[in-house]
Amino acid sequence: GNSVTQMEGPVTLSEEAFLTINCTYTATGYPSLFWYVQYPGEGLQLLLKATKADDKGSNKGFEATYRKETTSFHLEKGSVQVSDSAVYFCALSGYSGAGSYQLTFGKGTKLSVIP
Amino acid sequence: SAVISQKPSRDICQRGTSLTIQCQVDSQVTMMFWYRQQPGQSLTLIATANQGSEATYESGFVIDKFPISRPNLTFSTLTVSNMSPEDSSIYLCSVLLHTDTQYFGPGTRLTVL
């Protein structure tokens, strides 16, 4: 079945530091890949997505590139801000062998950015 | 994207009671989903809410405990029945757009005493 593995947290960075959160996946077929963000006390927001190999998703200074050869979709940001403190979830969507649609999540990585 | 609202946003309930959570979306959507997020955990799919037919439940979730209604293409409800403290979680609804992208509501934070 499909699975997503992302780096364990929590991650603590100083403001303006470079961020990488690793995400790898296992899937049949050609899934779409996503990063969602959950700010404290809120629901999940779609941060970015990529639908095919070599696509780069980007939003709010965050980027991730769909790497089929390494089955990865690492999240990066060049300079984090305190307001980026949140939990980040990597996810993939695809269809199971039985034909049902599924969205599979990683366990989440909590990021704390300190001034 | 879509604008999704949930009611209530949070509640504190006594064990043995039931709570119905509403999810409203601002456009017609075919697929709606209900998830549970236990404290500090990732999301677990409870069921897919199908309009005009019964919901499809994931392993470990049953209709008697989590009955779902989907009366039209913009609305769904999830009931958490006969609650226990283990049901304390965030419950989120989502909708599927663009064939592969889910958008989530703000969640309902449930505490069971």
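All of the points below concern the structure found in this document. (Residues numbered from 1 in each chain as written. Chains lettered and ligands numbered in written order. Predicted model: local features only at pLDDT ≥ 70, side-chain atom pairs only at ≥ 80, totals over all residues. Heavy atoms only, no water.)

1. Side note on the overall build of chain B
The helix and strand inventory of chain B stands at zero helices and 11 strands. Its C-alpha atoms give chain B a radius of gyration of 13 Å, near enough to 13 Å, the size a compact globule of 113 residues would have. In terms of principal-axis extent, the alpha carbons of chain B reach across some 40 × 25 × 20 Å. Relative to its full complement of 113 residues, chain B shows a buried share of 52%. Within chain B, counting contacts between residues at least 6 apart in sequence, those at least 24 apart form 53% of the total. Accessible surface computed for chain B: about 5,300 Å², of which carbon and sulfur atoms make up 50%. Across chain B, the centroid of the 7 positively charged side chains sits 8 Å from that of the 8 negatively charged ones. (Helix = DSSP H or I, 4+ residues; strand = E, 2+ residues; numbered from the N terminus. Rg over C-alpha atoms; globule rule 2.2 N^0.38 Å. Buried < 20%, exposed > 50% of the residue type's maximum accessible area, 1.4 Å probe, protein only. Contact = heavy atoms within 4.5 Å. Areas by Shrake-Rupley, 256 points an atom, 1.4 Å probe, with all protein chains shown as cover. Lys, Arg positive; Asp, Glu negative; His and termini not counted. Charge placed at Lys NZ, Arg CZ, Asp CG, Glu CD.)

2. Some thoughts on the overall build of chain A
When its secondary structure is counted, chain A shows zero helices and 12 strands. Put simply, chain A runs from its N terminus to its C terminus through helices and strands in the order β-β-β-β-β-β-β-β-β-β-β-β. Against the compact-globule benchmark of 13 Å for 115 residues, chain A has a radius of gyration of 14 Å, which places it among compact chains. For the C-alpha atoms alone, the extent of chain A along its principal axes is close to 50 × 30 × 20 Å.

3. Comments concerning the packing of aromatic side chains
Summed over the entire model, instances satisfying the criterion amount to 10 aromatic pairs over all chains. Consider the rings of tyrosine 36 of chain A and phenylalanine 105 of chain A, whose centres lie 5.9 Å apart with planes at 50°: the pair is tilted. Highlighted residues: tyrosine 36 of chain A in strand β5 (residues 32–38) and phenylalanine 105 of chain A in strand β11 (residues 101–105), separated in sequence by 69 residues. In this structure, tyrosine 36 of chain A and phenylalanine 105 of chain A share a single accessibility class: buried. Ring centres of phenylalanine 105 of chain A and phenylalanine 104 of chain B lie 6.1 Å apart, and the angle between their planes is 65°; on these two criteria the pair is classed as edge-to-face. (Phe/Tyr/Trp six-rings, centres within 6.5 Å; stacked < 30°, edge-to-face > 60°.)

4. Examining the pattern of salt bridges
This structure, assessed with the given rule, holds five salt bridges over all chains. Taking the shortest distance from any N to any O, the salt bridge between lysine 49 of chain A and aspartate 100 of chain B comes out at 3.1 Å. Of the two residues, lysine 49 of chain A is situated in strand β6 (residues 44–50) and aspartate 100 of chain B in the loop between β9 (89–97) and β10 (101–104); the pairing between them involves two chains. Given the relative accessible area of 27%, lysine 49 of chain A is considered partly exposed. Close ionic contact of aspartate 84 of chain A with lysine 77 of chain A constitutes a salt bridge, the shortest N to O distance being 2.7 Å. Residue classification places aspartate 84 of chain A among the buried residues on the basis of a relative accessible area of 5%. Look at lysine 77 of chain A and you get buried, because its relative accessible area is 10%. (Salt bridge = Lys/Arg side-chain N within 4 Å of Asp/Glu carboxyl O.)

5. Here we look at the nonpolar core
Judged by nonpolar contacts, the single largest core of 28 residues is most densely connected at Trp34 and Val95 of chain B. Grouped together as the second largest cluster of nonpolar side chains are 26 residues, Cys23, Leu33, Phe62 and Leu92 of chain A included. (Core = buried A, V, L, I, M, F, W, Y, C linked by side-chain atoms within 4.5 Å.)

6. Considering the state of the cysteines
The term disulfide refers to a covalent linkage connecting the sulfur atoms of a pair of cysteines. Per the counting criterion, the structure on display carries two disulfides over all chains. Across the disulfide from cysteine 23 of chain A sits cysteine 90 of chain A; the S-S distance is 1.9 Å. Taking the torsion about the S-S bond as the criterion, the cysteine 23 of chain A to cysteine 90 of chain A disulfide, at about -70°, is left-handed. Taken together, the residues span a long stretch of sequence, with cysteine 23 of chain A in strand β4 (residues 23–26) and cysteine 90 of chain A in strand β10 (residues 86–95) at a distance of 67 residues. Disulfide pairing places cysteine 23 of chain B opposite cysteine 93 of chain B at an S-S distance of 2.0 Å. Disulfide cysteine 23 of chain B-cysteine 93 of chain B: the torsion about the S-S bond is 70°, which places it as right-handed. Of this pair, cysteine 23 of chain B sits in strand β3 (residues 19–25) while cysteine 93 of chain B sits in strand β9, and the two are 70 residues apart along the sequence. (Disulfide = S-S within 2.5 Å.)

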